[in-house]
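Structural description and commentary
Next come the chains, spelled out residue by residue.
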Amino acid sequence: MHPAPLPDAAQPSRKVTVIGAGVIGLSTAHELAAAGHQVTVIADQLPLQTVSAVAAAIWFPYHSENSAAADLLLARSLARFEELSGIKETGIDLRRGLNLEASPEEDRSWAQIVANAAEAPAEDIPRIAAAGMRATVPVITMPLYLSWLHEQALAKGVKFIQRTIGSIDEVQEEADTVVLATGLRGGELTGDDGTVYPIRGQVIRLANTAGLVHWLCYDEHPQGVTYIIPRRDDIIVGGTDVANDFNAEVDPQTATDMLRRAIGLVPQLAGCEILEHKVGLRPARETICLERVDGHAVPVIAAYGHGGAGVTLSWGTAQRVVELLGT
Ligand SMILES: Cc1cc2nc3c(=O)[nH]c(=O)nc-3n(C[C@H](O)[C@H](O)[C@H](O)COP(=O)(O)OP(=O)(O)OC[C@H]3O[C@@H](n4cnc5c(N)ncnc54)[C@H](O)[C@@H]3O)c2cc1C
């Protein structure tokens, strides 16, 4: 485990309420507690009920902000995931894979912070794609990881309460600062309505009887985004990326189509048993909202709008919240 930072003498211990128990809320609560603050997490969905539990989850900046600020979050998160991959119970594995591209001009900036990323030789590229990058990145088995993170937060003294918050006023008595890690419901509590929108993601969970170890992603697949992520004991096959679609039900035709695309790229998947279908609504926003929000009786820090990369950006976001608390 990453050594807990010593309580910062320059930063007095505060009573912080984090609203949200997805990957952003849990990571933030963990980092705040590690910095010496008294932390309470309030959420109506427990960790395994959140969108975070649906994530594939591979470290990759998919459908998220492209900026220098986001690059810092990416790099910090990558470093922490790499370090945590040494602890089996985290559910984090470093896996090599191939990110396929439809054109040689695709944005490869993500690869600059991945030490071992390299252009894939032409013979590794299926005819349906133009180019690709190979890289070893963290793959996170979310149910294991969220449970582990929850335990770590509890061990650091974080308290958890299951409840819906209708207004920041409800918590201002007991908190010095409130952190909004509210995902798709992002700014509802601060009046920042309408800036966060869903990007619907449907996935299939397969038994990994094929013994697959390498991931494969092809966002620009001509028939629709396609990814195959082998985890500890299963494989996540996706996907869809439909903006402003709030449908949380599984669509059987979508599942059939995405499995066909995946088998087209990795024929061994044809023999793998389907374990489960899942849908999640990614909390998308033009830019991540990671800042202090004025105008409330209690100081508020927002941390939402991570789109398709909330896991990928989680530790960097949590560290930034700790920094914002000290400003
Ligand atoms: C199919 C799919 C695949 C994905 N794959 C990846 C991937 O490979 N890599 C990656 O990095 N990301 C991936 N993502 C994206 C990732 O899942 C999200 O970016 C991330 O989960 C967002 O986390 P969050 O903590 O902000 O929100 P959530 O996980 O949605 O958590 C929000 C929390 O806020 C609480 N909450 C909100 N409002 C209130 C309120 N008023 N009162 C009380 N509680 C409240 C909820 O109860 C919940 O606990 C994927 C998403 C999907 C759907």
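Residues numbered from 1 in each chain as written. Predicted model: local features only at pLDDT ≥ 70, side-chain atom pairs only at ≥ 80, totals over all residues. Heavy atoms only, no water.

What follows is about the overall build of the chain. Each helix and strand counted, the chain has five helices and 15 strands in total. Taken over the C-alpha trace, the chain has a radius of gyration of 20 Å; the compact-globule value for 327 residues is 20 Å, and the two agree within 12%. The principal-axis extents of the C-alpha atoms in the chain amount to approximately 60 × 40 × 35 Å. Carbon together with sulfur atoms contributes 51% to the accessible area of the chain, which is approximately 14000 Å² in total. (Helix = DSSP H or I, 4+ residues; strand = E, 2+ residues; numbered from the N terminus. Rg over C-alpha atoms; globule rule 2.2 N^0.38 Å. Areas by Shrake-Rupley, 256 points an atom, 1.4 Å probe, with all protein chains shown as cover.)

Next up on the list: the confidence of the model for the chain. On average, residues of the chain score 94 in pLDDT, and 97% of them reach the 70 mark or higher. Between residues 1-7, whose pLDDT stays under 50, and residues either more than four places distant or in other chains, the model counts 15 contacts. (pLDDT = per-residue confidence, 0-100. Contact = heavy atoms within 4.5 Å.)

Turning to the sheet that holds strand 7 (residues 177-180), a few remarks are in order. Strand order in the open sheet made by the six strands is 6-2-1-7-15-14, with mixed pairing throughout. Each edge of the open sheet carries a strand with a single partner, namely strand 6 (159-162) and strand 14 (289-293). Shown here is a sheet whose adjacent strand axes are inclined to one another by a mean of 20 degrees, direction ignored. Examined bridge by bridge, strand 1 (residues 15-19) and strand 2 (residues 38-43) share five bridges and lie parallel to one another. Note that in strand 2 the partner of Val18 across the bridge is Val41. (Pairing = 2+ DSSP bridges. Axes fitted to C-alpha atoms, helices over the stretch in contact; angles between N-to-C directions.)

Let's shift gears to the packing of aromatic side chains. Counting across every chain of the model gives three aromatic pairs. Residues Tyr145 and Trp148 carry aromatic rings whose centres are separated by 6.2 Å and whose planes lie at 20 degrees to one another, so their mutual orientation is stacked. Linking Tyr145 with Trp148, this pair stays in helix 3 (residues 142-155), spanning three residues, or about one helical turn. Exposure class is identical for Tyr145 and Trp148. Each is buried. Members of the aromatic cluster, joined through ring pairs, are Phe81, Tyr145 and Trp148. The ring of Trp315 carries Arg80 above its face, with NZ or CZ at 4.4 Å from the centroid. (Phe/Tyr/Trp six-rings, centres within 6.5 Å; stacked < 30°, edge-to-face > 60°. Buried < 20%, exposed > 50% of the residue type's maximum accessible area, 1.4 Å probe, protein only. Lys NZ or Arg CZ within 6 Å of the ring centre and 35° of its normal.)

You can see Arg185 is positioned in the loop between strand 7 and strand 8 (197-207). Residue class for Arg185 comes out partly exposed when judged on its relative accessible area of 37%. As for Arg185 and Leu259, which are separated by 74 residues in sequence, their C-alpha atoms are 30 Å apart. In this structure, Arg185 is in contact with Asp44 and Gln45, ignoring residues within four places of it in sequence.

Neighbouring the ligand are 35 residues; Asp44, Gln45, Ser52, Gly307 and Thr312 lie closest to it. Contact between the ligand and Arg185: a nitrogen atom at 3.4 Å from a side-chain N or O atom of the residue. Within the backbone of Val311, an N or O atom sits 3.1 Å from an oxygen atom of the ligand. Here the ligand has 1000 Å² of accessible area as a free molecule, and 97% of this is covered by the chains. (Near = heavy atom within 4 Å. Polar contact = N/O pair within 3.5 Å; in protein donor to acceptor, adjacent residues only side chain to side chain.)

A general trend in soluble globular proteins is that nonpolar side chains are found buried together. With 64 residues, the main nonpolar core has Val18, Leu32, Tyr145 and Ile229 as its most contacted residues. Beyond its immediate chain neighbours, meaning those up to four positions away, Val18 contacts Gly25, Ala29, Leu32, Val39, Thr40, Val41, Ile42, Val179 and Ala181. Of all hydrophobic cores here, the second largest spans 21 residues; its members include Ala129, Ala262, Leu265 and Cys272. (Core = buried A, V, L, I, M, F, W, Y, C linked by side-chain atoms within 4.5 Å.)

A few words now on the environment of Ala129. Within the fold, Ala129 resides in the loop between strand 4 (118-119) and strand 5 (131-140). Taking the C-alpha atoms as reference, Ala129 lies 5.0 Å from Ala102; in sequence the two are 27 residues apart.

With 12 residues, helix 1 (residues 23-34) should cover 16 Å at 1.5 Å per step; its first-to-last C-alpha distance of 16 Å lies within 8% of that length. Across the 12 residues that make up helix 1, a large majority, 12, are buried. Along helix 1, the residues classified as buried are Val23, Ile24, Gly25, Leu26, Ser27, Thr28, Ala29, His30, Glu31, Leu32, Ala33 and Ala34. Within two residues after helix 1, Gly36 carries a phi angle of roughly 100 degrees, on the positive side. (Expected span 1.5 Å × (residues − 1).)

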